[in-house]
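Examining the three-dimensional arrangement
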Amino acid sequence: MTIMVADDDPEALENAAATLTGAGHRVIRVPDGRRAIQEAISHRVDLIIVDVSIPQLNGVETCHCLKAMPKTNRIPVVLTAAKKDPEAKSLKDRSHGSARILRKPYGPDELLDLVAEISRNGKRRP
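Below is a summary of the structure that appears in this document. (Residues numbered from 1 in each chain as written. Predicted model: local features only at pLDDT ≥ 70, side-chain atom pairs only at ≥ 80, totals over all residues. Heavy atoms only, no water.)

**A closer look at the nonpolar core**
Ranked by internal contacts, the top residues of the largest apolar core, which has 20 residues, are Met 4, Ile 48, Val 50, Val 77 and Leu 79. Of all the elements in the fold, those that place two or more residues in this core are strand 1 (2-6), strand 2 (26-30), helix 2 (33-42), strand 3 (47-51), helix 3 (59-68) and strand 4 (77-82). Core analysis: the next-biggest nonpolar cluster, separate from the first, contains 16 residues, Ile 3, Ile 49, Leu 102 and Leu 111 among them. (Core = buried A, V, L, I, M, F, W, Y, C linked by side-chain atoms within 4.5 Å. Buried < 20%, exposed > 50% of the residue type's maximum accessible area, 1.4 Å probe, protein only. Helix = DSSP H or I, 4+ residues; strand = E, 2+ residues; numbered from the N terminus.)

So, in structure tokens, the structure goes:
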């Protein structure tokens, strides 16, 4: 499974990438929302994990853009947010189109369980 992780916190990005690669996934790392959209268009991606507070386009805006484009609208998007993050307030209504919300800090097992659950529910392409 190819998973994109978009986070501007280098430690969070590397921790997620290490967990996912350790479980056999291919990981694309990006630091902002614009790059996330570019990479999703350029590569075959099975899952996108986006922090709500990334620069350029925040995670919610990135999710909206991805869901609006035919090439990326079937890719499941998981939004991550710290409990005290001001951007997290916008996640309550779920109108952003994400598959799930993952609260930070999360552990390796929680991340892998989430990836497995989304994978079980079906991939975006036949």
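**Let's talk about helix 1 (residues 10-22)**
For helix 1, which comprises 13 residues, the first-to-last C-alpha distance of 18 Å matches the rise-based estimate of 18 Å (1.5 Å per residue) to within 8%. Those residues of helix 1 not exposed but buried are Ala 12, Leu 13, Ala 16, Ala 17, Thr 19 and Leu 20. The buried residues of helix 1 occupy one face: seen down the axis, they fall within an arc of 165°. Exposed residues on helix 1 whose side chains face more than 90 degrees from its buried face are Pro 10, Glu 11 and Gly 22. (Expected span 1.5 Å × (residues − 1). Arc of directions from axis to C-beta.)

**Re the environment of Arg 44**
Within the secondary structure layout, Arg 44 lies in the loop between helix 2 and strand 3. As a C-alpha pair, Arg 44 and Lys 71 span 27 residues in sequence and 9.8 Å in three-dimensional space.

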